[in-house]
Amino acid sequence: MQNHSHTPTDADIIREILDGNVNAFESILTRHRVLVLKIVTKHVPQSEVEETAQDAFVRAYLSLPTFAGKSDFSQWLSSIAVRTCYDYWRKAYRSREIPMSAITDKHQHWLEEVLSAEAEDSRREGSLRSEAKELLEYALAKLSAEDRMVLEMVYLEGLSVKEAAELLGWSTANVKVRSFRSRRKLEKLLRGMKQQGRRAS
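Peer 1: Is there a simple way to explain the overall build of the protein chain in this structure?
Peer 2: A count of helices and strands for the protein chain gives 10 helices and 0 strands. Its helices and strands taken in sequence order, the protein chain reads α-α-α-α-α-α-α-α-α-α from the N to the C terminus. Within the span of the protein chain, comprising 201 residues, buried residues form 39% of the whole. In the protein chain, of all internal contacts separated by at least 6 residues, the share reaching a separation of at least 24 is 66%. As presented, the protein chain carries roughly 12,300 Å² of accessible surface, and 50% of it is formed by carbon and sulfur atoms.

Here you go:
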């Protein structure tokens with residue numbers, strides 16, 4: 001006698017949802033919540049993580065009819081989560097105000113490091129120090145949503161151009177060009193902040 005009690009695959013659950021069992025989507029939420037939260041946490045402010053993650057799942061639910069099953073569901077969902085973060089910044093962050101009255105000595109020291117020849121090594125030593133995070137957030141907020149996402153994914157998370165392109169749904173050429181240009185913009189902003197710090201001191 002065969003034992004039919006097995007853990008349903010993502011494809012099984014999706015078929016059930018598309019057949020009319022809306023409640024089955026709860027299984028998708030439970031199974032992939034950690035994955036989506038991990039992605040969203042990297043890209044939006046902590047206070048916006050839950051809402052953005054919920055938005056990503058809503059988009060995934062509405063897009064289920066377009067999921068052909070040809071790709072891995074986790075990869076497909078990851079792409080939706082990344083694009084949801086991108087849309088969050090498109091809508092929200094140009095109006096954000098990040099207070100920075102003056103660049104402190106610690107900020108100035110980190111700027112000297114990040115703009116030096118050892119910049120690559122210093123960024124890979126571990127988590128960014130608090131002053132580095134503050135400066136980086138301040139500079140990123142001056143860029144477009146597209147530039148911000150590419151910089152975070154390629155330079156801060158270490159994804160390849162191909163991986164970032166797949167998650168964003170862009171061409172590799174687009175990501176390659178934008179990653180180069182956005183890094184130049186970021187460096188220019190950081191250099192401007194360095195000069196500001198010198199004038200203030």
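Peer 1: Explain the packing of helix α2 (residues 25–43) against helix α3 (residues 49–63) to me, please; I cannot follow it from the model alone.
Peer 2: When two helices pack together, their arrangement is captured by the angle between the axes and the distance separating the axes. Between α2 and α3, the least distance of the axes is 9 Å, while the angle of their chain directions is 130 degrees. On the basis of their axis angle, the class for α2 and α3 is oblique. When the axes of α2 and α3 are compared, the crossing they make is right-handed. For the pair formed by α2 and α3, the contact residues are Phe25, Ile28, Leu29, His32, Arg33, Val36, Leu37, Val40 and Thr41 on the first element and Val49, Glu50, Thr52, Ala53, Ala56, Phe57 and Tyr61 on the second. Class assignment of the residues belonging to the contact of α2 with α3 gives a composition of 11 nonpolar, 3 polar and 2 charged.

Peer 1: Could you clarify how one ought to interpret the packing of α2 against helix α4 (residues 73–92) in this entry?
Peer 2: Following both chains from N to C, one finds α2 and α4 inclined at 40 degrees, their axes separated by 9 Å at the closest point. As summarised for this structure, α2 and α4 are arranged oblique, according to the angle between their axes. The crossing of α2 and α4 is right-handed. Mapping the contact onto sequence places Ile28, His32, Leu35, Val36, Ile39, Val40 and His43 in α2 and Phe73, Ser74, Leu77, Ser78, Ala81, Val82, Cys85 and Trp89 in α4. For the contact of α2 with α4, the per-class residue count stands at 11 nonpolar, 4 polar and no charged.

Peer 1: Any chance you could explain the packing of aromatic side chains here in plain terms?
Peer 2: Here the structure, examined in full by the defined rule, presents 7 aromatic pairs. Ring centres of Phe67 and Phe73 lie 5.4 Å apart, and the angle between their planes is 80 degrees; this geometry places the pair in the edge-to-face category. We classify Phe67 as buried; its relative accessible area is 13%. Taking relative accessible area as the criterion, Phe73 reaches 4% and is therefore assigned buried. Within the aromatic cluster, the residues linked to one another by ring pairs are Phe25, Phe57 and Tyr61. We note Arg183 situated over the ring of Tyr155; from NZ or CZ to the ring centre the distance is 4.8 Å.

About the cut-offs
- Residues numbered from 1 in each chain as written.
- Predicted model: local features only at pLDDT ≥ 70, side-chain atom pairs only at ≥ 80, totals over all residues.
- Heavy atoms only, no water.
- Helix = DSSP H or I, 4+ residues; strand = E, 2+ residues; numbered from the N terminus.
- Buried < 20%, exposed > 50% of the residue type's maximum accessible area, 1.4 Å probe, protein only.
- Contact = heavy atoms within 4.5 Å.
- Areas by Shrake-Rupley, 256 points an atom, 1.4 Å probe, with all protein chains shown as cover.
- Axes fitted to C-alpha atoms, helices over the stretch in contact; angles between N-to-C directions.
- Parallel < 35°, antiparallel > 145°, perpendicular 65-115°, else oblique.
- Left-handed = near helix turned anticlockwise from the far one by under 90°.
- Nonpolar A, V, L, I, M, F, W, Y, C, P; charged D, E, K, R; others polar.
- Phe/Tyr/Trp six-rings, centres within 6.5 Å; stacked < 30°, edge-to-face > 60°.
- Lys NZ or Arg CZ within 6 Å of the ring centre and 35° of its normal.

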